[in-house]
Amino acid sequence: GLHWGFSVRLAKDLPSVWSECPFGGGYDLSLGTSDKGDSDWLQGEGFRLPAFKHLLIVFGGVEGLEPVVEAHPELAAHGIETSALFDLYLNLCPGQGSRTIRTEEALLVGLAALQPHTRRAGAS
């Protein structure tokens, strides 16, 4: 079996997620998760993550990532779309069957859905 190696850290705000990156050179690939993200990525065999060494996956709260961006004065003042902050903006739980999904559920379902793609694209 394989052990998923990931770490979780808290940041004071969304821009700090990148500015306080613990890896020299930052993240190679950033992925935002939202029910408003791309749902088509799961369809077919054509989806491939770009190669990466340090992948950042950002999960929002019960209301998603959009309110986090809207509440940040600098991001809101510039009218930045949430999806523009990430290399990929994906719906990891399409057809979830409810208006919201708890973060701890999204984490488990999302990492499971991404696992074959991260194995193929990530550094070992």
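Residues numbered from 1 in each chain as written. Predicted model: local features only at pLDDT ≥ 70, side-chain atom pairs only at ≥ 80, totals over all residues. Heavy atoms only, no water.

(A) Summary view of the sheet that holds strand S2 (residues 55–58). Read from one edge of the open sheet, three strands run S2-S1-S3, paired in parallel fashion. With one partner strand each, in any of the chains shown, S2 and strand S3 (88–90) form the two edges of the open sheet. Mean inter-strand twist for the sheet, computed between neighbouring axes without regard to direction, equals 30°. Taken together, the four bridges between strand S1 (residues 29–38) and S2 define a ladder with parallel strand orientation. The residue bridging Leu29 from the neighbouring strand is Leu55, located in S2. (Pairing = 2+ DSSP bridges. Helix = DSSP H or I, 4+ residues; strand = E, 2+ residues; numbered from the N terminus. Axes fitted to C-alpha atoms, helices over the stretch in contact; angles between N-to-C directions.)

(B) How the structure looks around the pattern of salt bridges. This model, assessed by the stated rule, comprises one salt bridge. Between Lys36 and Asp35 there is a salt bridge, with its nearest N and O atoms 3.2 Å apart. (Salt bridge = Lys/Arg side-chain N within 4 Å of Asp/Glu carboxyl O.)

(C) Summary view of the packing of aromatic side chains. This structure, assessed with the given rule, holds four aromatic pairs. Pairing Trp18 with Phe86 gives two aromatic rings, centres 5.4 Å apart and planes at 50°, and the pair type is tilted. In this pair, Trp18 is assigned in helix H1 (residues 14–19) and Phe86 in the loop between helix H3 (73–77) and S3, connecting sequence segments 68 residues apart. Judged by relative accessible area, which is 29%, Trp18 ranks as partly exposed. Owing to a relative accessible area of 7%, Phe86 belongs among the buried residues under this scheme. (Phe/Tyr/Trp six-rings, centres within 6.5 Å; stacked < 30°, edge-to-face > 60°. Buried < 20%, exposed > 50% of the residue type's maximum accessible area, 1.4 Å probe, protein only.)

(D) Broad picture of the side chain of His72. Along the chain, the position of His72 falls in the loop between helix H2 (66–71) and H3. At 3.3 Å, the side chain of His72 and the backbone nitrogen of Leu75 are in polar contact. Filtering out sequence-adjacent residues up to four positions away, His72 remains in contact with Asp13 and Pro15. (Polar contact = N/O pair within 3.5 Å; in protein donor to acceptor, adjacent residues only side chain to side chain. Contact = heavy atoms within 4.5 Å.)

(E) Region of interest: the pairing of S1. With seven of its ten residues buried, S1 lies for the most part within the structure. Here S1 runs beside S3; their pairing, made up of four bridges, is parallel. Paired with Leu31 across the strands is Leu88, a residue of S3.

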